[in-house]
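Structural overview for review
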Amino acid sequence: MAKRGTVLLVLMTVGSLFLRSLPATLGVLVGGLLALGDFWLIRRASPWLVRSGGGGILFFLQILKYLVMSVILGAGFFVGLINPLAALVGLSLLIIMPISGIWDLKREMKEVV
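From a predicted model like this one, the values you see are computed outputs, not experimental measurements.

Cut-offs applied
- Residues numbered from 1 in each chain as written.
- Predicted model: local features only at pLDDT ≥ 70, side-chain atom pairs only at ≥ 80, totals over all residues.
- Heavy atoms only, no water.
- Core = buried A, V, L, I, M, F, W, Y, C linked by side-chain atoms within 4.5 Å.
- Buried < 20%, exposed > 50% of the residue type's maximum accessible area, 1.4 Å probe, protein only.
- Helix = DSSP H or I, 4+ residues; strand = E, 2+ residues; numbered from the N terminus.
- Contact = heavy atoms within 4.5 Å.
- Patch = residues over 30% accessible without salt bridge, like charges linked within 9 Å, V, L, I, M, F, W, Y side chains within 5 Å.
- Areas by Shrake-Rupley, 256 points an atom, 1.4 Å probe, with all protein chains shown as cover.
- Salt bridge = Lys/Arg side-chain N within 4 Å of Asp/Glu carboxyl O.
- Phe/Tyr/Trp six-rings, centres within 6.5 Å; stacked < 30°, edge-to-face > 60°.
- Lys NZ or Arg CZ within 6 Å of the ring centre and 35° of its normal.
- Polar contact = N/O pair within 3.5 Å; in protein donor to acceptor, adjacent residues only side chain to side chain.

Among the nonpolar cores identified, the biggest contains 9 residues, and these are Leu9, Met12, Ala24, Val28, Ala35, Leu36, Ala86, Leu93 and Met97. Of all the elements in the fold, those that place two or more residues in this core are α1 (2-16), α2 (22-52) and α5 (93-100). Counting residues per element, this core draws most heavily on α2, which supplies 4 residues. Beyond its immediate sequence surroundings of up to four residues, Val28 is in contact with Leu9, Met12, Thr13, Ser16, Ala86, Ala87, Val89 and Gly90. Judged by nonpolar contacts, the second largest core, of 6 residues, contains Met69, Leu73, Ala87 and Leu91.

Structure, rendered in structure tokens:
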């Protein structure tokens, strides 16, 4: 899924270059990188959290993750380097990546059964 997300982010960033706006391109890029970082963090932390049963740690990790994302986006918005709508487009990878992988998941489930 990470490879698919990276390809989608590159396509979205290249597409934003046609707007000829640095804040728009940076918004898509930063939003997409935050989305990829979110998936990476979940993927890395999930096995450890499942083994340890750390529900409280998961909650703390989620709060910390959203705080970091808010600071990065807020600073970019405040300085004017990031367009908020473009950042939203980049963050849409959080929705697009799982949806684009549904067909692979169906195929994998049939192989398991």
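Don't stop here, the text continues.
This paragraph deals with the side chain of Thr25. Along the polypeptide, Thr25 turns up in helix α2. Setting aside anything within four residues of it in sequence, one finds Thr25 in contact with Thr13, Ser16 and Leu17.

As for its placement among the helices and strands, Ala35 is situated in helix α2. Residues Ala35 and Leu91, spaced 56 residues apart in sequence, show a C-alpha to C-alpha distance of 5.5 Å. Beyond its immediate chain neighbours, meaning those up to four positions away, Ala35 contacts Gly90, Leu91, Leu93 and Leu94.

The next subject is a nonpolar patch on the surface. Taken together, the side chains of Phe60, Leu64, Leu67, Val68, Val71 and Ile72 define a hydrophobic patch exposed on the protein surface, amounting to about 550 Å² of accessible area. Among the structural elements, Leu67 can be located in helix α3 (residues 55-79).

Let us look at the packing of aromatic side chains. What the rule picks out here adds up to 0 aromatic pairs. The ring of Tyr66 carries Lys65 above its face, with NZ or CZ at 4.7 Å from the centroid.

This next bit is on the side chain of Ser16. Tracing the sequence through the fold places Ser16 in helix α1. Note on Ser16: relative accessible area 4%, which makes it buried. A polar contact of 2.6 Å, which involves the side chain of Ser16, links it to the backbone oxygen of Thr13.

Let us look at unusual backbone geometry. Even without being glycine, Arg20 reaches a positive phi, approximately 55°. For Arg20, the location among the structural elements is in the loop between α1 and α2. For Arg20, a relative accessible area of 79% translates into the label exposed.

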